[in-house]
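# Overview (structure and organization)
Each chain is listed here by its residues.
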Amino acid sequence: MKEINPAELPETITIKIDTNKELKLFLTNGRNGKIHTGIGALSDIEWYEYKITNSDEIGLPYDNIALSLFAVDDATRKKAAETIVKEKITSKDTKRPNIDYNTGNIHPDITWLNDNPNKTIKQLVLCKKLGPKTTNEGNDHNFYCYRNTKRETGCYVHKACYYPLIEEDNALHNDWRYKLLESLWIELSKN
């Protein structure tokens, strides 16, 4: 799959998501121009972000799309799931890779970032505020559930919030989230 050059990202973009709905996006500014960076111990993580300007108008439960410079694969996700962090996610003492319980974000090991200096967009992540965490809509098979104990409610992230998917599952190809992100990827890949 072709990676996307951030220098070629359009400021605004419109994606048709069904016969009568269009998704309107604009590229937001981070702390370093168009690139966003984490804080504290996560300052090595960088991404770009499109704000969905009409998410309420079209009834979309997400409000932005993160354009990640690293792609989470299933091995990284499983390793990160061993360390689910509820507090002090930006502390230098927090082990990585990890998953932020409050946002659903997966933070890779710092060595992965050092070994992959290519600054191209490798994955899209559909987010609500700071991450892809959402409420469980009833089909646990379509969600990653992160929790430290069985008593916890858990942090739910729909599997189709990632494009390309973390783990291939053809059943997700019909999910509206997958189709939306796939359409955006195709549009951004034209440049």
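Okay, so let's go over this structure. (Residues numbered from 1 in each chain as written. Predicted model: local features only at pLDDT ≥ 70, side-chain atom pairs only at ≥ 80, totals over all residues. Heavy atoms only, no water.)

## Overview of unusual backbone geometry
Generally, phi is negative for residues other than glycine and the peptide bonds are trans, each holding for most cases. Rules: Helix and strand assignments follow DSSP, with helices taken as H or I runs no shorter than four residues and strands as E runs no shorter than two, numbered in order from the N terminus. We call a residue buried when its accessible area falls under 20% of the maximum for its residue type, exposed when it is over 50%, and partly exposed in between, using a 1.4 Å probe and counting protein chains only.
Across the junction of Arg96 and Pro97, the peptide omega takes the value 5°, indicating a cis bond. Residue position: Pro97 is located in the loop between β6 (84–85) and β7 (98–100). Look at the link from Tyr163 to Pro164: it is a cis peptide, with omega at -5°. Looking at where Pro164 falls in the secondary structure, it is placed in the loop between β13 (162–163) and α3 (176–189). Although it is not a glycine, Lys88 sits at a positive phi angle of roughly 55°. You can see Lys88 is positioned in the loop between β6 and β7. Of note in this structure, Lys129 is not a glycine but carries a positive phi near 65°. Here Lys129 is to be found in the loop between β9 (123–127) and β10 (133–134). Owing to a relative accessible area of 59%, Lys129 belongs among the exposed residues under this scheme.

## Here's the deal with the sheet that holds β6
What counts is decided by this rule: We treat two strands as partners when DSSP finds at least two bridges between them.
Pairing is mixed in the open sheet, where 3 strands are placed in the order β6-β7-β8. The open sheet has two free edges, formed respectively by β6 and β8 (106–107), since each of these has just one partner strand. Strand direction decides the pairing type here: β7 and β8, joined by 2 bridges, are antiparallel. When the sheet's bridge partners are listed, Ile99 is paired in β8 with Ile106.

## Considerations on the layout of surface pockets
Threshold: Think of a 1 Å grid over just the protein atoms. A cavity is a set of points where a 1.4 Å probe fits yet cannot get out, a pocket is an open set with protein on both sides within 12 Å along at least five of seven lines, and lining residues have an atom within 4 Å of a point. Grid points are joined across faces, edges and corners, and a volume is the space filled by probe spheres set on the points.
Here the largest pocket is characterised by a volume of approximately 600 Å³. The wall of the largest pocket is formed by 30 residues, among which Ile45, Trp47, Asn105, His107 and Leu130 lie closest to the centre. For the lining of the largest pocket, the secondary-structure elements that each account for two or more residues are β3 (36–37), β4 (46–52), β5 (64–68), β8 and β9.

## Here we look at the pattern of salt bridges
Just so we agree on the cut-off: We define a salt bridge as a side-chain nitrogen of Lys or Arg found within 4 Å of a carboxyl oxygen belonging to Asp or Glu.
Counted under the stated rule, the structure contains 9 salt bridges. For Arg77, the salt bridge identified is with Asp74, shortest N-O distance 3.3 Å. Of the two residues, Arg77 and Asp74 both sit in helix α1 (residues 74–80), 3 residues apart, roughly one turn of that helix. A relative accessible area of 11% places Arg77 in the buried class. Of the charged contacts, one joins Arg177 and Asp175 as a salt bridge, the two residues approaching to 3.0 Å between their closest N and O atoms. In this structure Arg177 comes out as buried when scored by relative accessible area, which is 2%. Each of Asp74, Arg77 and Lys78 takes part in salt bridges that share partners, so that together they form one network.

Read these as layout, nothing more, since geometry by itself doesn't imply function.
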